[in-house]
Amino acid sequence: MVKKAVIPAAGLGTRFLPATKAQPKEMLPIIDKPTIQYVVQEAVDSGIDDILIISGKGKRAIEDHFDRNPELESKLEEKNDEIFYNEIRRIADMANIHFIRQKETNGLGDAVYYARQHVGNEPFVVLLGDTIIDSVIPVTQQLIDTYEQYQCTVIAVEEIPKDKVSRYGIAGGKKMSDKIMEINQLVEKPKLEEAPSNLAIAGRYILTPEIFKAIEKTSKGKNNEIQLTDALQLLMRREMIIAHTIEGKRYDIGNKLDYLKTTVDFALKRKEFAEPFLSYLKDKIAQHRDT
Ligand code: G1P
């Protein structure tokens, strides 16, 4: 049973400067909710109620967001603002959320290593705190289902255009079905000619505690950081690792263009914005056609 989730959220967010100079990229809002709230919701919707967030310097706003705020609560109560009151309370009660700080930004592998004591001897899910995946069945649930079938490490992947392979961890292997592949190669941000496929690691993983030993043996890789992808490549020599092609749309919030697209897509799905926002966008497009 997968009962715990780990959300690494310690990165510096350099791709989103200057907005991330003094605030965590995971707190960038998509309309009115910070990105990390969507990520926590995905875990909760997949039956997980124990979440460890790996934070770091300048990330205190994440802790405050998932904490109670008695002053704000009583103000909302005074104003009889039931909707916001309930929402503010709900956020603090979404799950048992724990925090640990990564002391230096030494990469995703190092961040996940901080979870070893909390996780203990159980499989766990890792959800990157800057990636939202919009899907009918939460992607974490999709991975848990695959884990229950194969009882081994499962990595979420998705097909990407070839010219983008150098931005991602890339998995190669032998297809077992449409969705499932047994991985035999994992490379972090390869050059196009070195990429084993165009299947990119999509920011969700089911890991077993064996990963911690593999991280210990992993030396610094891309960007002089301990890469989770390299640790998984080491682990693969001893254990089967499955790639699961996700059903859903992935949004990488750390990337400015993706962030804009996410806002548009999510606004068009919200009842109160869909119509006026779409008509605004149509006007804009018409104006741009004329110029
Ligand atoms: C990380 C992982 C990479 C994965 C990507 C997904 O990279 O190292 O394997 O494909 O997330 O978003 P980052 O985006 O932190 O550079």
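Everything discussed here concerns the structure shown above.
The rules we used
Residues numbered from 1 in each chain as written. Predicted model: local features only at pLDDT ≥ 70, side-chain atom pairs only at ≥ 80, totals over all residues. Heavy atoms only, no water. Near = heavy atom within 4 Å. Polar contact = N/O pair within 3.5 Å; in protein donor to acceptor, adjacent residues only side chain to side chain. Areas by Shrake-Rupley, 256 points an atom, 1.4 Å probe, with all protein chains shown as cover. Nonpolar A, V, L, I, M, F, W, Y, C, P; charged D, E, K, R; others polar. Helix = DSSP H or I, 4+ residues; strand = E, 2+ residues; numbered from the N terminus. Buried < 20%, exposed > 50% of the residue type's maximum accessible area, 1.4 Å probe, protein only. Axes fitted to C-alpha atoms, helices over the stretch in contact; angles between N-to-C directions. Parallel < 35°, antiparallel > 145°, perpendicular 65-115°, else oblique. Contact = heavy atoms within 4.5 Å. Expected span 1.5 Å × (residues − 1). Bend = angle between axes of the 7 residues up to and from the residue. Patch = residues over 30% accessible without salt bridge, like charges linked within 9 Å, V, L, I, M, F, W, Y side chains within 5 Å. Salt bridge = Lys/Arg side-chain N within 4 Å of Asp/Glu carboxyl O. Lys, Arg positive; Asp, Glu negative; His and termini not counted. Charge placed at Lys NZ, Arg CZ, Asp CG, Glu CD. Core = buried A, V, L, I, M, F, W, Y, C linked by side-chain atoms within 4.5 Å. Phe/Tyr/Trp six-rings, centres within 6.5 Å; stacked < 30°, edge-to-face > 60°. Lys NZ or Arg CZ within 6 Å of the ring centre and 35° of its normal.

Student: Just to check I follow, could you spell out the site of the ligand for this structure?
Tutor: Within the structure, the ligand sits among L108, L128, Y168, G169, E188, K189, I201, Q227 and T229. In this structure, G169 approaches the ligand through a main-chain N or O atom, which is 3.0 Å from an oxygen atom. With respect to the ligand, the side chain of E188 contributes an N or O atom lying 2.7 Å from an oxygen atom. Burial of the ligand by the surrounding chains reaches 83%, relative to a free accessible area of 380 Å². Among the residues making up the shell around the ligand, the classes are represented as four nonpolar, three polar and two charged.

Student: Looking at this structure, how should I read unusual backbone geometry?
Tutor: Leaving glycine aside, a negative phi is the common case for residues, and trans is the common case for peptide bonds. In this structure, the amide linkage connecting L17 to the following residue, P18, adopts the cis form with an omega of 0°. By the secondary structure assignment, P18 is in the loop between β1 (4-8) and β2 (29-30). The residue N80 is not glycine, and still its phi comes out positive at about 55°. As for its placement among the helices and strands, N80 is situated in the loop between α3 (70-78) and α4 (82-92). Residue classification places N80 among the exposed positions, given a relative accessible area of 67%. Within the chain, N223 stands out as a residue other than glycine whose phi angle is a positive 60°. Mapped onto the elements, N223 comes out in the loop between α8 (210-216) and α9 (228-235). For N223, a relative accessible area of 56% gives the class exposed.

Student: Just checking my understanding: could you explain the packing of helix α10 (residues 256-269) against helix α11 (residues 271-290) for this structure?
Tutor: When two helices pack together, their arrangement is given by the angle between their axes and by how far apart the axes lie. Remark: α10 packs on α11, axes separated minimally by 6 Å, with the N-to-C direction vectors making an angle of 120°. As the angle between them shows, α10 and α11 are arranged oblique. Across the interface between the two elements, V264, A267, L268 and K269 of α10 pack against K271, F273, A274, F277, L278 and L281 of α11. Of the residues that constitute the contact of α10 with α11, the class distribution is eight nonpolar, no polar and two charged.

Student: Whenever I open this one, α11 confuses me. Can you help?
Tutor: In this model α11 runs 30 Å from its N-terminal to its C-terminal C-alpha over 20 residues, within 8% of the 28 Å that 1.5 Å per residue would give. Of all the bends in α11, the greatest measures close to 25° and is centred on F277.

Student: Honestly, a positive patch on the surface in this entry has me stumped. Any pointers?
Tutor: Together, K57, R60, R101 and K103 line one region of the surface with positive charge. Along the chain, the position of K57 falls in the loop between β4 (50-55) and α2 (60-65).

Student: For this particular structure, what's the right way to read the nonpolar core?
Tutor: Looking at soluble globular proteins, one finds that nonpolar side chains tend to be buried together. Membership of the largest hydrophobic core comes to 34 residues, with the highest contact counts inside it found for F124, I155, I183, Y205, L207, I211 and L232. If near-sequence neighbours (up to four positions away) are discounted, I211 is found in contact with F124, L228, A231, L232 and L235. Counting 30 residues, the second largest nonpolar core, distinct from the first, contains V40, I144, V154 and I206.

Student: Mind showing me how you'd approach the packing of aromatic side chains here?
Tutor: In this description, an aromatic ring pair is defined by two values, namely the gap between the centres and the angle between the planes. Counted under the stated rule, the structure contains five aromatic pairs. Between the aromatic rings of Y38 and F266, the centroid separation amounts to 5.3 Å while the plane-to-plane angle is 85°, which identifies the pairing as edge-to-face. Placement of Y38 in helix α1 (residues 35-45) and of F266 in helix α10 is noted, with a sequence separation of 228 residues between them. The exposure classification of Y38 matches that of F266, with both residues buried. Through successive ring pairs, a cluster of aromatic residues spans Y38, Y251 and F266. Taking the ring centre of F266 as reference, the NZ or CZ of K269 above it sits at 5.2 Å.

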